[in-house]
Amino acid sequence: MKIDLEILPTLTEQPRSKTDTVLESASATVDRMVEKPKFRFPGHLTIVPVRADGSPDWSLRAVGVPLEIAADGELELNWKDAPDLPTTALIAFLQDADGTRRVTGIDIESMEAREATGLRIRGRVGGFGSEILRPENLTPALDKKTMTFQLGFAPGILDQWAAIGALERVFVDKVQVCPRCQSVPTFREGCPNCGSANLENEFLIHHFACAHVGRISDFETGEDVVCPKCRTRRLVVASDFDYVTGPYRCLDCQGNNVDPVEVAQCLRCEFRFPAYQANLQELRGYRAHRLDPLAHLPAS
């Protein structure tokens, strides 16, 4: 069940460092930096910090955070009643009028505590939060080491983001997998006795007039085709006879007159089994409706 971000309370007052003290900065001259012209983003955001394992730190969320954007792509968040953030990765939500929640990752570059506005965060779109939202991390892909379909992050972590509305669960595909290890198998015709694909057969000649079926070598005499049963000579293909496929023989178990069946073999554990015994696995992924704050900058 999705949580309604609009009715969530804002955070209560948290103890913080001395007013106007720089908490984290790439430079000791943050307060002396020349202020850049900024554009106020049309809408307030819900901000969720990202833990080190990629899961949402929902207890430290903030609702209704204003955002300002500089022309060079720098983002500035003014977070009142902000807690001590144990991370530099954020995911920001914006809910459209139709209920769609658009999200973006923000990489924190500096944080500064201010008495009037609370915690001022400067950052840019990107970082660990954006990694979580990348389509290639949200779509199951074949892992060549395990020959299984994997997501970029553990499903349990992505489920947590889906539960708060940052991601949407989607159906991707259905695949057949090994009943032992759930890895991907190959499929081909094989021997019903041992499963081997090492089969051979030969073409035969079917003589229409006497209904005899035999090896091609039994019919061929020099440059003539002669039926070994009725001794009719000068047989013409499609008029007097046709070629038919002979029975299969397994070169591994030496089984004769075998009818091939569909056989699967696991690419990981090499288990060989009848194809009908394969497990059907449903692949599900996630979709993020991306938010691009920079698209709201006024045209210069």
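Since the model is a prediction, treat every value here as computed from it, not as a measurement.

Participant: Any chance you could explain the side chain of Ser183 here in plain terms?
Facilitator: Within the fold, Ser183 resides in the loop between β12 (168–177) and β13 (185–190). For Ser183, the residues in contact, after removing those within four places along its chain, are Thr146, Met147, Thr148, Val177, Cys178, Cys266 and Arg268.

Participant: Please clarify how the nonpolar core should be interpreted in this entry.
Facilitator: A general tendency of soluble globular proteins is for nonpolar side chains to be buried together. Ranked by size, the top nonpolar core spans 21 residues in total, and within it Leu45, Ile47, Leu77, Trp79 and Ile121 carry the most contacts. Those elements that place two or more of their residues in this core are β3 (45–49), β4 (62–65), β5 (67–70), β6 (75–79), β7 (89–95), β8 (101–114) and β9 (118–125). Within the second largest apolar cluster, 20 residues are counted, among which are Val50, Ile91, Trp161 and Tyr286.

Participant: What should I look at first to understand the sheet that holds strand β21 (residues 261–266) in this one?
Facilitator: Two pairing modes exist for strands in a sheet, parallel and antiparallel, and in both the strands are linked by backbone hydrogen bonds. Here we have three strands laid out as an open sheet, ordered β13-β21-β22, and antiparallel in their pairing. Either end of the sheet is taken by a strand with one partner, and the two such strands are β13 and β22 (272–274). Strand after strand, the sheet turns through a mean of 30 degrees between neighbouring axes, direction not considered. For β13 and β21, the ladder comprises six bridges, and the chain directions are antiparallel. Note on β21: the bridge partner recorded for Gly190 is Val261.

Participant: When you look at the pairing of β9 in this model, what are you seeing that I'm missing?
Facilitator: On any regular strand, side chains alternate: one points to one face of the sheet, the next to the other face. In terms of residue burial, β9 counts as a mostly covered element, since six of its eight residues are buried. Bridging between β8 and β9 involves eight bridges; their strand directions are antiparallel. Following the sheet pairing, Ala113 is matched in β9 by Leu119.

Participant: I'm lost on the pattern of salt bridges in this one. Help?
Facilitator: Once their charged atoms are close, side chains differing in charge can pair, the charge on each being opposite to the other. In total, this model carries 18 salt bridges according to the counting rule given. In this structure, Asp72 engages Arg124 in a salt bridge whose closest nitrogen and oxygen atoms are separated by 3.6 Å. Remark: Arg124 occurs in strand β9 and Asp72 occurs in the loop between β5 and β6; sequence separation between them is 52 residues. Residue classification places Arg124 among the partly exposed residues on the basis of a relative accessible area of 26%. A salt bridge links Glu131 to Arg134; the nearest nitrogen and oxygen atoms lie 3.0 Å apart. The class for Arg134 is partly exposed, based on a relative accessible area of 31%. The network of salt bridges with common partners includes Lys38, Glu74, Glu76 and Arg122.

Participant: Help me understand the sheet that holds strand β16 (residues 213–215), please; the structure alone is not making it clear to me.
Facilitator: Here three strands make up an open sheet; going across it, the order is β16-β15-β19 and the pairing antiparallel. At either margin of the open sheet sits one strand with a lone partner, and together these are β16 and β19 (241–245). Pairwise comparison of adjacent strand axes, ignoring direction, gives a mean angle of 35 degrees for this sheet.

Participant: Whenever I open this one, unusual backbone geometry confuses me. Can you help?
Facilitator: Leaving glycine aside, a negative phi is the common case for residues, and trans is the common case for peptide bonds. Phi is positive for Gln182, close to 65 degrees, though the residue is something other than glycine. Tracing the sequence through the fold places Gln182 in the loop between β12 and β13. Looking at Gln182, the relative accessible area reads 31%, which means it is partly exposed. Phi at Arg234 is positive, roughly 55 degrees, even though this residue is not glycine. Tracing the backbone through its elements, the reader meets Arg234 in the loop between β18 (224–225) and β19. Given the relative accessible area of 70%, Arg234 is considered exposed.

Participant: What exactly am I supposed to notice about the confidence of the model for the chain here?
Facilitator: Low pLDDT marks regions whose predicted coordinates should not be analysed in detail. Per-residue pLDDT for the chain averages 86, and the proportion of residues at 70 or more is 87%. With pLDDT under 50 throughout, residues 1–33 is counted as low confidence; its partners more than four residues away or in other chains account for 70 contacts.

Participant: Please clarify how the packing of aromatic side chains should be interpreted in this entry.
Facilitator: The way to describe two aromatic rings as a pair is by their centre distance and the angle between their planes. Applying the stated criterion across every chain yields a total of three aromatic pairs. For the pair Phe128 and Phe153, a centre-to-centre distance of 6.0 Å together with 50 degrees between the ring planes defines the contact as tilted. Of this pair, Phe128 sits in helix α1 (residues 127–133) while Phe153 sits in the loop between β11 (148–150) and α3 (155–163); the two residues are 25 residues apart in sequence, bridging distant segments of the chain. For Phe128, a relative accessible area of 29% corresponds to the partly exposed category. Taken together, a centroid distance of 5.5 Å and an interplanar angle of 85 degrees make the contact between Phe241 and Tyr243 edge-to-face.

Participant: What is the right way to read the side chain of Thr148 from this model?
Facilitator: By the secondary structure assignment, Thr148 is in strand β11. A polar side-chain atom of Thr148 sits 2.6 Å from a polar atom in the side chain of Thr146. A polar atom in the side chain of Thr148 sits 2.8 Å from the side chain of Gln150. Apart from residues no more than four positions distant in its own chain, Thr148 is found in contact with Ala141, Leu142, Asp143, Cys181, Gln182, Ser183 and Arg268.

Parameters at a glance
Residues numbered from 1 in each chain as written. Predicted model: local features only at pLDDT ≥ 70, side-chain atom pairs only at ≥ 80, totals over all residues. Heavy atoms only, no water. Helix = DSSP H or I, 4+ residues; strand = E, 2+ residues; numbered from the N terminus. Contact = heavy atoms within 4.5 Å. Core = buried A, V, L, I, M, F, W, Y, C linked by side-chain atoms within 4.5 Å. Buried < 20%, exposed > 50% of the residue type's maximum accessible area, 1.4 Å probe, protein only. Pairing = 2+ DSSP bridges. Axes fitted to C-alpha atoms, helices over the stretch in contact; angles between N-to-C directions. Salt bridge = Lys/Arg side-chain N within 4 Å of Asp/Glu carboxyl O. pLDDT = per-residue confidence, 0-100. Phe/Tyr/Trp six-rings, centres within 6.5 Å; stacked < 30°, edge-to-face > 60°. Polar contact = N/O pair within 3.5 Å; in protein donor to acceptor, adjacent residues only side chain to side chain.

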